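# Chain and residue survey
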Amino acid sequence: MGLFRGLGKFFGSIIFTTFLVLAILLMELVDFTSYDNFKLIASGIFEEQLLSGISEQDLSDLRSFLLFQCSRTDKVNVPIFGGQAVIVKCDDVKNSNESQLPTLITTALVDSLYYKDFGCSFVECVRSASPQNLLIILSNEGNHFYKSLQIYTWIGAGVGLAMLLVSIGTWAGRLKGVGFNLVFTGLPFLLLGYISSFMPALPPEIESSVKPVIDNLTSSLKDKFIIVLVIGVILLAVGYALGFYLSRKSKK
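Here we summarise the structure given alongside this text. Quick caveat, the model's predicted, so the values are computed rather than measured. (Residues numbered from 1 in each chain as written. Predicted model: local features only at pLDDT ≥ 70, side-chain atom pairs only at ≥ 80, totals over all residues. Heavy atoms only, no water.)

Right, let's get into the overall build of the protein. A tally of helices and strands in the protein yields 11 helices and two strands. Reading the secondary structure of the protein in the N-to-C direction produces α-α-α-β-β-α-α-α-α-α-α-α-α. For the protein, the proportion of its 252 residues judged to be buried stands at 33%. Intrachain contacts of the protein at a sequence separation of at least 6 include 70% that bridge at least 24 residues. Put simply, the protein shows about 15,200 Å² of open surface, and 65% of that area lies on carbon and sulfur atoms. (Helix = DSSP H or I, 4+ residues; strand = E, 2+ residues; numbered from the N terminus. Buried < 20%, exposed > 50% of the residue type's maximum accessible area, 1.4 Å probe, protein only. Contact = heavy atoms within 4.5 Å. Areas by Shrake-Rupley, 256 points an atom, 1.4 Å probe, with all protein chains shown as cover.)

What follows is the structure, encoded as structure tokens:
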């Protein structure tokens, strides 16, 4: 019986901590690949790289050209680079001025990339290792894939927790066992802030767009693991206090 309890505690701890970490990381990945974050990063890069060299006269000429095209259709293709074109709604063109045109075009480009139909499942696209298909990692399809995995990671964490609780005979021991695993899970992630300081510098042209998102992601991830750590410390303290109380009570 002791052997089974020992194995239950060992494997329960591994399963619980592994899936708990995966669940928290997936929460952050879902947030990181949300449309708002993708747009924040991509819009800044596209406006800097594609449209920063366009003069006001160029924008005025482009708007006039688009309005002419819109007299025949409700959508128009805007050439960007290398033959790549972005579809823009004519109503949006008519309701914007020259200064708003770069934002309108970059938003349309962001939407076309984020909501792109890749023609393959998430796993197939990643396995293909094609640069075009790998964009699925940051796309709406990738975001939904990460969300679909979350339920399984929480179920895995729940199974591990159940194994751990069943394998420990007393409530004081259970509280200490779970608390220790939570402390073990949360403690290493307190170093996230220090690790990020050693990361290589981002290229200047994308730093202003990417760095705030990465900083927010790191901060949010660190906060979640601090909560895990604090709960673990509380459970450890309660477990030891309960064990001390029960041992004193049994002696009396």
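There is more to say, and it comes next.
So, about the nonpolar core. Leu-66, Val-76, Val-88, Leu-101 and Val-110 are the most contacted members of the largest nonpolar core, which has 20 residues in total. Mapped onto this core, the elements with two or more residues apiece are helix H2 (35–50), helix H3 (56–70), strand S1 (75–81), strand S2 (84–89), helix H4 (90–94) and helix H5 (101–114). In this view, Val-88 contacts Asp-74, Lys-75, Val-76, Val-78, Val-93, Leu-104 and Ala-108; residues no more than four positions away in its chain are not counted. (Core = buried A, V, L, I, M, F, W, Y, C linked by side-chain atoms within 4.5 Å.)

Glancing now at the packing of H3 against H5. Axis separation between H3 and H5 bottoms out at 11 Å; the angle between their running directions is 60°. Considered as vectors, H3 and H5 are oriented oblique to each other. Packed against H3, whose contacting residues are Leu-59, Leu-62, Arg-63 and Leu-66, the element H5 presents Leu-101, Pro-102 and Ile-105 at the interface. Here the residues of the contact of H3 with H5 sort into six nonpolar, no polar and one charged. (Axes fitted to C-alpha atoms, helices over the stretch in contact; angles between N-to-C directions. Parallel < 35°, antiparallel > 145°, perpendicular 65-115°, else oblique. Nonpolar A, V, L, I, M, F, W, Y, C, P; charged D, E, K, R; others polar.)

Under the definition given, this model contains two disulfides. Between the sulfur of Cys-70 and that of Cys-90 lies a disulfide, 2.2 Å long from S to S. Note on the Cys-70 and Cys-90 pair: the S-S dihedral is about -90°, so by sign convention the disulfide is left-handed. Of this pair, Cys-70 sits in helix H3 while Cys-90 is found in helix H4, placing the two residues 20 residues apart along the sequence. (Disulfide = S-S within 2.5 Å.)

This paragraph deals with the pattern of salt bridges. One pass over the structure, following the stated rule, counts one salt bridge. Between Glu-28 and Lys-224 there is a salt bridge, with its nearest N and O atoms 2.6 Å apart. Taken as a pair, Glu-28 in helix H1 (residues 2–32) and Lys-224 in helix H11 (residues 204–251) lie far apart in primary sequence, 196 residues in all. (Salt bridge = Lys/Arg side-chain N within 4 Å of Asp/Glu carboxyl O.)

This next bit is on the side chain of Ser-96. With respect to the helices, strands and loops of the structure, Ser-96 is situated in the loop between H4 and H5. Its relative accessible area of 8% is what places Ser-96 among the buried residues. Ignoring any residue separated from it by four or fewer positions in sequence, one finds Ser-96 in contact with Arg-63, Leu-101 and Leu-104.

Right, let's talk about the packing of aromatic side chains for a bit. What the rule picks out here adds up to nine aromatic pairs. Centroid distance Phe-38 to Tyr-114: 5.2 Å. Interplanar angle 40°. Geometry classified as tilted. You can see Phe-38 sitting in helix H2 and its partner Tyr-114 sitting in helix H5, a full 76 residues away along the chain. On the basis of relative accessibility, which here comes to 10%, the residue Phe-38 falls in the buried class. For the pair Tyr-114 and Tyr-115, a centre-to-centre distance of 5.0 Å together with 90° between the ring planes defines the contact as edge-to-face. Given the relative accessible area of 47%, Tyr-115 is considered partly exposed. These aromatic residues form a ring-pair network of at least three members: Tyr-35, Phe-38, Tyr-114 and Tyr-115. Here Arg-174 stacks its cationic end above the ring of Trp-171, 4.7 Å away from the centre of that ring. (Phe/Tyr/Trp six-rings, centres within 6.5 Å; stacked < 30°, edge-to-face > 60°. Lys NZ or Arg CZ within 6 Å of the ring centre and 35° of its normal.)

Turning next to helix H8 (residues 140–167). Taking 1.5 Å of rise per residue, 28 residues should cover 40 Å, and H8 covers 42 Å from first to last C-alpha, within 8% of that figure. Every buried residue belonging to H8 is among Gly-142, Asn-143, Tyr-146, Gln-150, Thr-153, Gly-156, Ala-157, Gly-160, Leu-164 and Ser-167, and all of these are buried. The opening residue of H8 is Ser-139, an N-cap whose side-chain oxygen sits 3.3 Å from the backbone nitrogen of Glu-141. (Expected span 1.5 Å × (residues − 1). Polar contact = N/O pair within 3.5 Å; in protein donor to acceptor, adjacent residues only side chain to side chain.)

We now examine the environment of Leu-66. Structurally, Leu-66 can be placed in helix H3. Residue classification places Leu-66 among the buried residues on the basis of a relative accessible area of 1%. Once residues within four sequence positions are removed from consideration, Leu-66 is found in contact with Val-76, Val-78, Val-93 and Leu-101.

This part is about the packing of H1 against H8. At a minimum axis separation of 7 Å, H1 and H8 run at an interaxial angle of 155°. Taken together, the axis directions place H1 and H8 in an arrangement best described as roughly antiparallel. When the axes of H1 and H8 are compared, the crossing they make is left-handed. The residue inventory of the contact of H1 with H8, partitioned by class, reads 20 nonpolar, nine polar and three charged. (Left-handed = near helix turned anticlockwise from the far one by under 90°.)

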